[in-house]
Amino acid sequence: MPRPVPGRAPQFQAPREPRFAPLIAAAVYIVCALALVYPILGGAFLVNPSSDYLSGHAYRVFGQEMLARTGDFAQWNSLILGGLPFIAAQHGDIFYPTFLLREIMPAATAFNVSIALHLVLAGFFTYHFLRAWALSFYPALFGGVAYMLAGQVASLVSPGHDGKLYVSALTPLVLWMIVRAVRDGRLWAYGVLAIAAALCILSPHFQLTYYLATLAGPFAIYVAFMTQPDGTRFTGLVRARRLGLAALSGAVAAAIAAVHFLPLLEYIPFSPRGAGVSWEYATSYSMPPEELINAYLPQFSGMIENYWGRNPLKLHSEYIGVAVLILAGAAVGYAARRSFVRFWLIAAGVALLVAFGGHTPFYHLWWLLPKMNVVRAPGMIYFIPSFAAAVLAAVGLERVLAQGVSRRYLIGWGIGAGVMTLLAISGGLEGLGRAFVPAEKAAYLEGNGAAISFGGVRSFFFAALALATLWTLLRGRIRGTTAAIALVAIAAVDLWTVDRVYYRFSPPAAQLFASDPTIEYLQKLPAPGRTLVIDLTESAFGDPYLRGDAMMIHNVRTVTGHQAQEPQRWIDIAGAKSPTPPLNALRTAQFRRLANVKYFLTNVELPAVVPQFGGMRFERRVGPVPNAVGTNVWLYEIPEDNPAAWVVPVVVRAPTDAIRETILNPRLDLSAVGLADSTSPLPTRPASASPTPTGIKVNVPTYDPGHIVLELDRPAPDSSTLIVSENWYPGWRAAVDGRPATVGRVDHALIGVALPGGARRVELSFRDPAYERGRPITIAALLVALLTIVVGVAAPRRIRV
């Protein structure tokens, strides 16, 4: 590179494109991912005590075992919360391609691999999106590193939010295909776009996919109306055709995902969100505006357990990266890509307003969008500003390598970084925090002062490295290639030093989810019964048995569960929503009978009678023994007659609200009468006096997920009804002595089967009707998308539309 002439701007020479550029980019992204996940190579499990995947792992193991056993995807989960639909209630990535990993390796290993793989894909797809926009190798490489290691992407492993990571990784692929489809008119790209968008839905993080759609739609419109690279603009007909095909791709994507999307839509009215949620709930986990400082100084609001901010907890990072922010700012005012920069500035600004949620009036407008009244945590849209920052940083690096950057800009950044450092080490930022910290978290803020000071120095160090590199390039002391490589390395190391805090590992899953004597006892029981699992001391944080759904792995049915989508009617009678202990199980014998409760697993030694639990009686069966994670546990039997099924002589029609109150009233003999509302098809008749219980005992030779066989010890009387302690949901079918029988909801939430006189054997099976409808739609739509790709690629001339 020639030395600059004094008083004249230096002449920059674009770095050469390396050979095998995509392979080099992929190698860089693999190294970045391995720098975070390398302990998995030694068998470590990429979960921590705060991870939702402590419960999610049980769902994956259950789903894969059912797939292996039946040859079909699991449709019903009978092991937690009274039973609930497996697909519709969102038990994770049932149809997302990661389920194939679980076919060839253990579920825990598949999770580890999927996290690493999607980090790499986030970088690689960003690289290709930027290359499609004609950015050269090094800016595109930088953009990929900036996005894959952005806090909102890389740190998602900390809360165990794999679905969010999947959508975040697929976002640049969706946008890349919009460029190839709408700008370039490539037919094959519409097919890939449909599949990529469908994968986002199947992740299945519908809320993040919704946010992606609000970005992808405006981006497609921008691409259609912008001035094209050759200086022309599309005609109205071309715009309409290409945007119409892009919209059609979105419809095909929804159709591909119908196998999961339709069951969810049908389930919403039965779920806790069926009636919508309150404004307070919808805006919970909004991003407090002051926490935008974390984009530069990630220690500001405290990291993980040191978090002092206005949300209940925060297990992820919003760190963008110092070098990324410096280069993103350099993109502003770049004439060569003015409209592109403007689009991403607007996208980032709007997404930030959404992320701030209830902290600004803007969210009142956003809340009017369809289905926004059934979700919460608007702060998760921050992945869009993170992506926008990565894109702008890539453009900024392109500008730097093409024409440099003003010394004034670098000096301004240096002054700004210095001021932030002074505020951090002098206590100024801690003082700012006092204006926002909730009273109950004041101690966290006070204890975070040293971290803020360290963070200020750390951020200044990386700012100095990036600014020094840019200054040296501006002075002509290093070549553009050297500067670009140095900036990529600075950004990667900078982000890695923060991201690594969120990568916490556990022992191998075989050890973490191992059995213990309490589980072995429950597995040998001859009759089905549910176990109430509660951490009474609130000291078993991170225990997947007392705080999660690990009992599922051992095929033990529990009253409790960590699934956030249990049927609303189960919540009604349980008295609480998971993971809160079901209050009625602790104080109401009626609920325990309805729920087939027979055992109590906890971490406290209990007396024979506990007055605080409504006089519940306990008989110790096992304990104290340490479980797999070292918690001392006790298993107690509850000496009550709480069968899995019973026969009542009569069912009485009653209003829903009255049923909910009456079935928990101890004066009602649940063995003598059932209660059904007007929606139930079960035959009913009035009862002027308390009926006499039938006294029929019901044996249960089979109680599998979605398949229950029951045998009566003597013939049923005419017009009687069998009640099964399992949540009713559309899709349950019954055969009585081999003949179809009427099935309906009874006792507010449970399954009722109409019995003819003399009935002895009942077989129940579950097939989700929405899944049955969605499966052929999925297959047909997937074939359409694949055919579009094949035709678009294999045609003698690449088809343009």
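Cut-off values and rules
Residues numbered from 1 in each chain as written. Predicted model: local features only at pLDDT ≥ 70, side-chain atom pairs only at ≥ 80, totals over all residues. Heavy atoms only, no water. Pairing = 2+ DSSP bridges. Helix = DSSP H or I, 4+ residues; strand = E, 2+ residues; numbered from the N terminus. Axes fitted to C-alpha atoms, helices over the stretch in contact; angles between N-to-C directions. Salt bridge = Lys/Arg side-chain N within 4 Å of Asp/Glu carboxyl O. Buried < 20%, exposed > 50% of the residue type's maximum accessible area, 1.4 Å probe, protein only. Expected span 1.5 Å × (residues − 1). Parallel < 35°, antiparallel > 145°, perpendicular 65-115°, else oblique. Left-handed = near helix turned anticlockwise from the far one by under 90°. Contact = heavy atoms within 4.5 Å. Nonpolar A, V, L, I, M, F, W, Y, C, P; charged D, E, K, R; others polar.

1. Some details on the sheet that holds strand 13 (residues 707–712)
- Spatial ordering of the open sheet is given by 12-13-19-15-16, a layout of five strands whose pairing is antiparallel. Looking at the sheet topology across the chains shown, the edges are occupied by strand 12 (698–704) and strand 16 (739–741). Within this sheet the neighbouring strands show an average axis-to-axis angle of 25°, counted without direction.
- Both strand 13 and strand 19 (residues 761–766) contribute to a ladder of five bridges, which runs antiparallel. Bridge pairing in strand 19 links Glu711 to Arg761.

2. Considering the pattern of salt bridges
- A complete count under the given rule lists 33 salt bridges for this structure.
- Between Arg458 and Asp494 there is a salt bridge whose closest N-O contact spans 2.8 Å. Here Arg458 is found in helix 20 (residues 449–474), whereas its partner Asp494 is found in helix 21 (residues 480–499), with 36 residues between them in sequence. Assigned by exposure class, Arg458 and Asp494 land together as buried.
- One salt bridge connects Arg660 with Asp657, and the closest N-O pair in it is separated by 2.9 Å. In this pair, Arg660 and Asp657 are both assigned in helix 27 (residues 656–662), three residues apart and thus about one turn of the helix distant.
- Residue class for Asp657 comes out partly exposed when judged on its relative accessible area of 48%.
- A single salt-bridge network, built from bridges that share partners, covers Arg60, Asp93, Arg102 and Asp162.

3. Section: helix 2 (residues 53–70)
- A rise of 1.5 Å per residue sets the reference length of helix 2, with its 18 residues, at 26 Å; its end C-alpha atoms lie 25 Å apart and thus fit the reference within 8%.
- For helix 2, a buried count of 14 out of 18 residues is recorded, marking the element as mostly surrounded by other parts of the structure.
- Among the residues trailing helix 2, Gly71 stands out with phi positive, at a value near 80°.

4. Looking at the sheet that holds strand 9 (residues 645–648)
- Within the open sheet, the four strands sit side by side as 9-14-18-17. Their pairing is antiparallel. Of all strands in the sheet, those with a lone pairing partner are strand 9 and strand 17 (743–746), marking the two edges. Looking at each pair of strands side by side, their axes are set apart by 35° on average, direction ignored.
- Where strand 17 and strand 18 (residues 750–755) come together, four bridges link them in antiparallel fashion.

5. With respect to the pairing of strand 4 (residues 597–602)
- Across the six residues that make up strand 4, a large majority, five, are buried.
- Here strand 3 (residues 530–534) runs beside strand 4; their pairing, made up of five bridges, is parallel. What sits directly across from Thr531, in strand 4, is Tyr599.
- Inspection of the sheet shows strand 4 paired to strand 8 (residues 632–637) by four bridges, in the antiparallel sense. What sits directly across from Thr602, in strand 8, is Trp634.

6. Quick word on the environment of Ala35
- Within the secondary structure, Ala35 sits in helix 1 (residues 21–37).
- On a C-alpha basis, the gap between Ala35 and Tyr382 in space is 24 Å, while along the polypeptide they are 347 residues apart.

7. Topic: the packing of helix 13 (residues 322–331) against helix 16 (residues 383–403)
- Remark: helix 13 packs on helix 16, axes separated minimally by 6 Å, with the N-to-C direction vectors making an angle of 70°. Here helix 13 lies roughly perpendicular to helix 16, going by the angle between them. When you trace helix 13 past helix 16, the crossing you get is left-handed. Counted together, Val324, Leu327, Ala328, Ala330 and Ala331 of helix 13 and Ala389, Ala390, Leu392, Ala393, Val395, Gly396, Leu397, Arg399 and Val400 of helix 16 form the full contact between these two elements.
- When the residues that make up the contact of helix 13 with helix 16 are grouped by side-chain class, the tally is twelve nonpolar, one polar and one charged.

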